[in-house]
Amino acid sequence: MPRLTPVDIKERKTKGPKLTMLTAYDYHFASLIDQCGIDMILVGDSLGMVVLGYDSTVPVTMDEMLHHCRAVSRAVEHALVVGDMPFMSYQTSKEDALRNAGRFLKEAGCDAVKLEGGSHFAETISCLVAAGIPVVGHVGLTPQTASSLGGYKVQGRDFDAAKRIYEDALAVADAGAFAIVLECVPTALAALITRSIDIPTIGIGAGDKCDGQVLVTHDMIGLFEKFTPKFVRKYVNLAPQIKEAFLTFKEEVEAGKFPSNEESFSGGEEAVLAIESKETRAKT
Ligand code: KIV
């Protein structure tokens, strides 16, 4: 089955069912997600925090993103793969944005790029779209600039902030994005945006009225232990189970219980005897 296209994704706004998106950063997770029929795989710059151990998404580089996008792209047959443009890969100029966005498609097998920001980046989005690069927008809480937004917290509760986010979403849609991520905004604001634009809204901490939902995979499977945002549902809690496996391995090796005969290879005794007797002869 070929990969979904931006046109397929856009149509789901009216035709349903709701869209699903998860993040992946490597071949195996991407393959598991793809086998489950998730519509879109985002190689998010959350890579920096959940895989590379940075404190924020700010340090993530183009090279790191492309490296992980390539691994994901090699695995994915059905989902639409979105590469996240890292901090300062598109803010500096439209030329930089074009060059870097193009690399996600040409060098890393992505089908689209995502970038954070609203009205200020509408012209950049238009440029990318005009060049044939499908774009997913991202407004509300934008982690690359979280510190100027007062940290990782809900955005758009008062009139001014809600109006700004609403106008940002409209500008992103008008600029030609085919979908938009709404992060950490109240349900009522996400609902207003969802009924005001003709592209699908993909919510993360934006309530149930969006056209789709995205989660960071390492959050929803309980692999990321540093903190759990309020909007995350842990569908499985893997970290304790994985640690249990590591601890049992350590105990069993130390106690001589691993490996067993079933986990070892038999034969070769004659060869060993011959080597031993040769060595004994050589010494005497
Ligand atoms: O980088 C990321 O994983 C994201 C999601 C939170 C939407 O941008």
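Residues numbered from 1 in each chain as written. Predicted model: local features only at pLDDT ≥ 70, side-chain atom pairs only at ≥ 80, totals over all residues. Heavy atoms only, no water.

**Description of the packing of aromatic side chains**
No. 1: Counted under the stated rule, the structure contains three aromatic pairs.
No. 2: Considering the side-chain rings of tyrosine 90 and phenylalanine 121, the 5.3 Å spacing of their centres and the 70° angle between planes classify their relative orientation as edge-to-face. Of this pair, tyrosine 90 sits in the loop between β3 (80-84) and α5 (94-106) while phenylalanine 121 sits in the loop between β4 (112-114) and α6 (122-130), and the two are 31 residues apart along the sequence.
No. 3: Measuring from centroid to centroid gives 6.0 Å for phenylalanine 249 and phenylalanine 258, while their planes differ by 65°, and the two rings are edge-to-face.
No. 4: Exposure remark for phenylalanine 258: the relative accessible area of 35% places this residue in the partly exposed category. (Phe/Tyr/Trp six-rings, centres within 6.5 Å; stacked < 30°, edge-to-face > 60°. Helix = DSSP H or I, 4+ residues; strand = E, 2+ residues; numbered from the N terminus. Buried < 20%, exposed > 50% of the residue type's maximum accessible area, 1.4 Å probe, protein only.)

**Quick notes on the domain arrangement of the protein chain**
No. 1: Once the domains are mapped, the protein chain shows domain 1 (6-236) and domain 2 (240-283).
No. 2: Here domain 1 and domain 2 have C-alpha centroids that lie 48 Å from each other. (Domains from an automatic or database assignment.)

**Digging into the site of the ligand**
No. 1: The environment of the ligand is made up of Thr23, Leu42, Gly44, Asp45, Ser46, Asp84, Lys114, His138, Glu183, Ile204 and Val216.
No. 2: One nitrogen or oxygen atom from the side chain of aspartate 84 is found 3.1 Å from an oxygen atom belonging to the ligand.
No. 3: Interatomic distance of 3.0 Å between a side-chain N/O atom of lysine 114 and an oxygen atom of the ligand.
No. 4: Here the ligand has 260 Å² of accessible area as a free molecule, and 96% of this is covered by the chains.
No. 5: Assessed atom by atom at 2 Å from the grid points, the ligand resides in the largest pocket.
No. 6: Its residues assigned to classes, the shell around the ligand comprises three nonpolar, four polar and four charged. (Near = heavy atom within 4 Å. Polar contact = N/O pair within 3.5 Å; in protein donor to acceptor, adjacent residues only side chain to side chain. Areas by Shrake-Rupley, 256 points an atom, 1.4 Å probe, with all protein chains shown as cover. 1 Å grid on protein atoms, 1.4 Å probe; cavity = no way out; pocket = protein on both sides within 12 Å on 5 of 7 lines; lining within 4 Å. Sits in = over half its atoms within 2 Å of the grid points. Nonpolar A, V, L, I, M, F, W, Y, C, P; charged D, E, K, R; others polar.)

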